[in-house]
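# Structure assessment
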Amino acid sequence: MKRRSPAVFMALAFGYAFLYTPIVLLVIYSFNSSRLVTVWAGFSPRWYGELMHNTQILDAAWLSVRIAAATATLATILGTLAALALARSTRFPGRATLVALLAAPLVMPEVILGLALLLLFVALETTLGWPSRGAGTIVIAHVTFSIAFVAVVVRAKLADMDRSLEEAAADLGATPMTVFWRITAPLIAPALAAGWLLSFTLSLDDLVIASFVSGPGASTLPMVVYSSVRLGVSPQINALATLMVVAVACTVGGAGWLLGRRGRNAAR
Amino acid sequence: MTDMRSDAVDAILRIDGVTKKFRDTLAVDDVSLVIPRGAFYSLLGASGSGKTTLLRMLAGFETPDVGRVLIDGKDVTQVPPHQRPVNMMFQSYALFPHMTVADNVAFGLRQDGMAKPERDARVAEMLALVRLQSHAKRKPHQLSGGERQRVALARALAREPKLLLLDEPLAALDRKLREETQLELAALQRRLGITFIMVTHDQDEAMTMSDYLAVMDHGRVLQIGTPGEVYESPRTRHVAEFVGAANVFEGRVLRHREGHTEVRCEGVEVALMLPLLPQFSEGAAIAFAVRPEKMCVDTAPREGENAIAGELDDVAYKGDVSIIHVRLGDGRRLRVQETNVRRDAAAAQRGRRVWLRWRPEDSAVLLP
Amino acid sequence: MMGRTRAALAVAALPLLWLIVFFAIPFAVVLKISFAEAIVGQPPYTPLVQIAADGWHWLASLANYLLLTDDPLYISAYLNSLLVAGISTVICLLIGYPMAYAIARAPEAWRNPLLMLVILPFWTSFLIRVYAWIGILSTNGLLNHALLALGVIDEPLALMNTNFAIYLGIVYSYLPFMVLPLYATLSRMDLTLLEAAADLGCTPWAAFWRVTVPLSWPGIAAGSLLVFIPATGEFVIPDLLGGPDALMIGKVLWTEFFSNRDWPTASALATVLLVLLVGPMVILQALERRGGKA
């Protein structure tokens, strides 16, 4: 009995329109030769040119990407370890603590987390002389909240996975290490990839926490964009936004196409 | 009764006083079993009877709270699964979805460190055994249920384990395939000589395939024996009613006559005859079961056989057999099974007065 | 298996340690500093105990906490944040529920792509998407432009720097967090329950309210929490869209920290906020778990 009411579909269409209209407008106006948002003065790619020469933004972008990659890798490793321990064992000392520490970052307001981490770094610096704030502390901070997200994603996949596969492997003589590397890991790989991407995005996008824990000379892309937009609309930011949208669309499209091909290959 | 005493049997597996508790439930309750080498042994029971938990303890996925498991005399109770000379065929088959059929079968051999040429040869041998040679390069999701089952079997047998454990191997197959596979598995076991231990809730399966079976209920073993022994000589009422159907009579011994013992049963006016049982004194309580197929419905009693008068209540026509329910004077219904040997048999009439008869030696005396 | 417990601990050790050092301990530090006093210097707060020539001096005080209760700014900012977050959560639910429902009822092959389309905006910069609304909502922005051109209004609406803009920003940014848990619950619903309801005489609309909605309650709760709690402490959206008068606790904390350089007060504020926000949630979760065990 699948009656699909048009009202529900209209709600969906409205939702998508709501989500995508601002993005579409950003893209359109990145090509506006006039500075003003309201006046369309003709098609012009000049903002892209200016963007390419804006060393401040370019340096910040490069820094953000490096920080995000480091964060994602570290967070995926730690998050996966946590997820494995939780999914495969119902009790061990510290389990309740781990569960709590993995749940809290998911809902915590960023200002509180940023403040807390900064205070920790300052306290450490005063007593130990380390760390000095910069890209390193940003990575530490980002990893800290990303672990929770990775753990959620990986745990869901582990829960879905048929446990008898691991038992069968053990039954056939595989040591626990072998079971993990040859059975579990390949089967949860999609979740690991998703977790990596999620951490990467969260890190790349973070403004508040980076502002708290950063140091001189370490300006991330969001920090630069933020100081820019506080002054008003800037078409270079539109150009930047469009480039990001294109990059994301290509990545997702490419991944989707790759997965589709693998699926078709397997079915043959 | 098969002599299953420890010293008399060449046992490959000994389960010694094993108990396992999950939270508040006693899954396995002080079970001791001796599994003869080369046998096809079944653990038969309903869900929750503890049979699967017991099997998993043999494989090493659960550890007993009390008791020991010994394989070939060696205590393996605490040994992890990957170090036991035991392999298991899982109910869900548990084929590795990201590997081909050949890689699945080769998996255990790789863990043993077997060199590639020997591995390939053995994989080919195993696939030939289960008739799946042409499927070597396929992935599990491209196989049918029956084919997946055979891959699981080949994979479990590849390492030539001392014991093969089968967890409800035929549960996922449809009826026709199940019957074929029952015979195939039994034949395979005889050929290879490997000891098989199978867990099932399907008594037909257990009886068809096994050399011995153990009936389990609520974590305990109720009876052990060959299928014939368990079926024709059930020890308790529960076993009699779980394995097959039974008409159970309860009563008291009247007296011992020449060659047989007379018994007065509840709800039956005439005294019934059992084979001579001197161990029961006069007046002692006694119970026995008679299988429906041992009885027959007739128009008159016969000399030398038990006969009870009753009324034909209902007939369930199953094609090859008919289940006939006969109502006795006190309202109790007895169940008779007759094979429809004639194509042109007349239809039974409800309410017709009939006689139920059976031979005294076809009664199975139940222990108190 | 005994080994399993030890193995699990070994595996969990690294992430557990990391989280304790970089997540749990920082909050202890926040607590400690909330009892200190702001000074000019590095670090800009006093230690709790000062050891001088004449012995111990206890410098810790509850002054910051008292300030929070004295100055009405903090309480009204907090209450306003709750209000704004609450309204935004409700709007998010009203928009997100039909979307999740539609995707859950869509043909099997369409569901993942449709979900992807909801999540996709999330992959592009949050900051930039909020910025996009500035261009749309400002007095000489696109929305006013369009409305004026269509003749719907005579004068541009002041949409920027209003609570309305904040609602819009929050709903826009947090919509995926509402849709995903809702979808997860709705897609797992047993549709035969609706068939049973219809069979028993229920109209589709009534069946929706009496069967679907109650069953999707876990999704509603999860989505609402994932939106409400972070939204309460939001900084970027009130700052960019709400203007200087926007009174939200996230902004107040930021200002206290960066503009006033008053770390101790900010710490006290953060502690109180944490207790007020996370405390009830923890209690709720504990109750839920106990209820589930029964």
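Treat the numbers as computed from the prediction; the structure is a model and nothing was measured. (Residues numbered from 1 in each chain as written. Chains lettered and ligands numbered in written order. Predicted model: local features only at pLDDT ≥ 70, side-chain atom pairs only at ≥ 80, totals over all residues.)

## Notes on the overall build of chain B
What counts, and what does not: Here a strand is any run of E in DSSP of at least two residues, a helix any run of H or I of at least four, and the numbering for each starts at the N terminus. Buried means a residue has 20 or more other C-beta atoms within 10 Å of its own C-beta, exposed means 12 or fewer, and partly exposed covers the counts in between; C-beta atoms are placed from the backbone. Residue pairs qualify as contacts under a 7 Å threshold applied to their C-beta atoms, which are placed from the backbone.
Looking only at helices and strands, chain B features eight helices and 20 strands. Once the C-alpha set of chain B is aligned to its principal axes, its extents read approximately 75 × 50 × 40 Å. The buried share among the 368 residues of chain B stands at 38%. A separation of at least 24 residues holds for 64% of the contacts in chain B among residues at least 6 apart in sequence.

## Points about the overall build of chain C
As a reminder of what qualifies: Using C-alpha atoms as the atom set, the radius of gyration is obtained and then compared with a globule rule of 2.2 Å times the number of residues to the power 0.38.
Helix and strand counts for chain C stand at 13 helices and two strands. What you see for chain C is a C-alpha radius of gyration of 25 Å, clearly larger than the 19 Å of a compact globule of 294 residues, by over 25%. Considering only C-alpha atoms, chain C reaches an extent of 85 × 75 × 35 Å along its principal axes. Expressed as a percentage of its 294 residues, the buried residues of chain C come to 43%. A sequence separation of at least 24 residues applies to 68% of the contacts in chain C between residues at least 6 apart.

## A look at the sheet that holds strand 16 (residues 306-317) of chain B
Residues and elements named next belong to chain B. Operational definition: Any two strands with at least two DSSP bridges between them are considered paired. With axes taken as lines fitted to C-alpha atoms, and helix axes fitted only over the stretch in contact, angles between N-to-C directions fall between 0 and 180 degrees.
If you trace the five strands from one edge of the open sheet to the other, you get 15-19-16-17-18, paired in antiparallel fashion. Two strands lie at the open edges of the sheet, namely strand 15 (296-298) and strand 18 (333-339), each paired on one side alone. Strand-to-strand twist of the sheet, defined as the mean angle between neighbouring strand axes without regard to direction, takes the value 50°. With three bridges connecting them, strand 15 and strand 19 (residues 353-358) associate as antiparallel partners. By the bridge assignment, Asp298 is partnered in strand 19 with Trp355.

## Details of the pairing of strand 4 (residues 66-71) of chain B
Residues and elements named next belong to chain B. For strand 1 (residues 11-22) and strand 4, the ladder comprises five bridges, and the chain directions are antiparallel. Bridge assignment links Thr19 to a residue of strand 4, and that residue is Val66. Both strand 4 and strand 5 (residues 74-75) contribute to a ladder of two bridges, which runs antiparallel. Opposite Ile71, over in strand 5, you have Lys74 as the bridge partner. Remark: two residues form the turn of the hairpin made by strand 4 and strand 5, two consecutive strands paired antiparallel; Asp72 in that turn has positive phi of roughly 55°.

## Quick notes on the nonpolar core
Definition in use: Working definition: the nonpolar core is a set of buried Ala, Val, Leu, Ile, Met, Phe, Trp, Tyr and Cys residues, joined through C-beta atoms within 7 Å.
Core analysis: the biggest nonpolar cluster contains 158 residues, and Ala82(A), Leu115(A), Ala116(A), Leu117(A), Leu253(C) and Ala270(C) have the highest contact counts within it. Counting residues per element, this core draws most heavily on helix 3 (residues 55-88) of chain A, at 16 residues. Apart from residues no more than four positions distant in its own chain, Ala82(A) is found in contact with Leu98(A), Leu102(A), Ile147(A), Ala151(A), Ala12(C) and Pro15(C). Grouped together as the second largest cluster of nonpolar side chains are 102 residues, Ala11(B), Ile35(B), Val290(B) and Ala364(B) included.

## Things to note about the interface of chain C and chain A
Applied cut-off: Residues were grouped as follows: Ala, Val, Leu, Ile, Met, Phe, Trp, Tyr, Cys and Pro as nonpolar; Asp, Glu, Lys and Arg as charged; and all remaining residues, including Gly, as polar.
With 73 residues of chain C in contact, the opposing surface of chain A contributes 66 residues. The element that contributes the greatest number of residues to the side of chain C that touches chain A is helix 1 (residues 2-34) of chain C, accounting for 21 residues. Tallied by class, residues from the side of chain C that touches chain A come to 57 nonpolar, eleven polar and five charged.

## Quick notes on the confidence of the model for chain B
Detailed conclusions should not be drawn from predicted coordinates in areas where pLDDT is low. Note the following rule: The predictor rates its confidence in each residue with pLDDT, a number between 0 and 100.
Predicted confidence across chain B gives a mean pLDDT of 90, with 98% of residues reaching 70 or more. Of all the helices and strands in chain B, helix 5 (residues 175-192) of chain B carries the lowest mean pLDDT, 89, while strand 8 (residues 195-200) of chain B carries the highest, 96.

## Digging into the environment of Leu132(B)
All names here are of chain B. Mapping Leu132 onto the fold places it in the loop between helix 3 (116-129) and helix 4 (145-157). Put simply, Leu132 and Glu147 are 15 residues apart on the chain and 7.6 Å apart in space, counted from C-alpha to C-alpha. Residues in contact with Leu132, not counting those within four places in the same chain, are Val101, Leu127, Glu147, Arg150, Val151 and Ala154.

## Remarks on the packing of helix 6 (residues 135-160) of chain A against helix 8 (residues 176-205) of chain A
All names here are of chain A. As a reminder, the rule being used: By the definition adopted for this analysis, an angle is roughly parallel if under 35 degrees, roughly antiparallel if over 145, roughly perpendicular if from 65 to 115, and oblique otherwise. Left-handed describes a crossing in which the near helix is turned anticlockwise from the far one by less than a right angle; the clockwise case is right-handed.
Relative orientation of the contacting elements helix 6 and helix 8 amounts to 155°, with a least axis distance of 9 Å. Considering their axes alone, helix 6 and helix 8 lie roughly antiparallel with respect to each other. Regarding helix 6 and helix 8, the two cross each other, and that crossing is right-handed. Here helix 6 contributes His142, Ser146, Phe149, Val150, Val153, Val154, Lys157 and Leu158 to the contact with helix 8, which in turn contributes Ile188, Ala191, Leu192, Ala194, Gly195, Leu198, Ser199, Leu202 and Ser203. Split into classes, the residues belonging to the contact of helix 6 with helix 8 amount to eleven nonpolar, five polar and one charged.

## A word on unusual backbone geometry
All names here are of chain B. With a phi close to 50°, Ala94 is a non-glycine residue in the positive phi region. Relative to the assigned elements, Ala94 resides in the loop between strand 6 (86-89) and helix 2 (101-111). The phi dihedral of His218 is positive, around 50°, even though this residue is not glycine. Structurally, His218 is set in the loop between strand 9 (212-217) and strand 10 (220-225). With 16 C-beta atoms packed within 10 Å, His218 lands in the partly exposed category.

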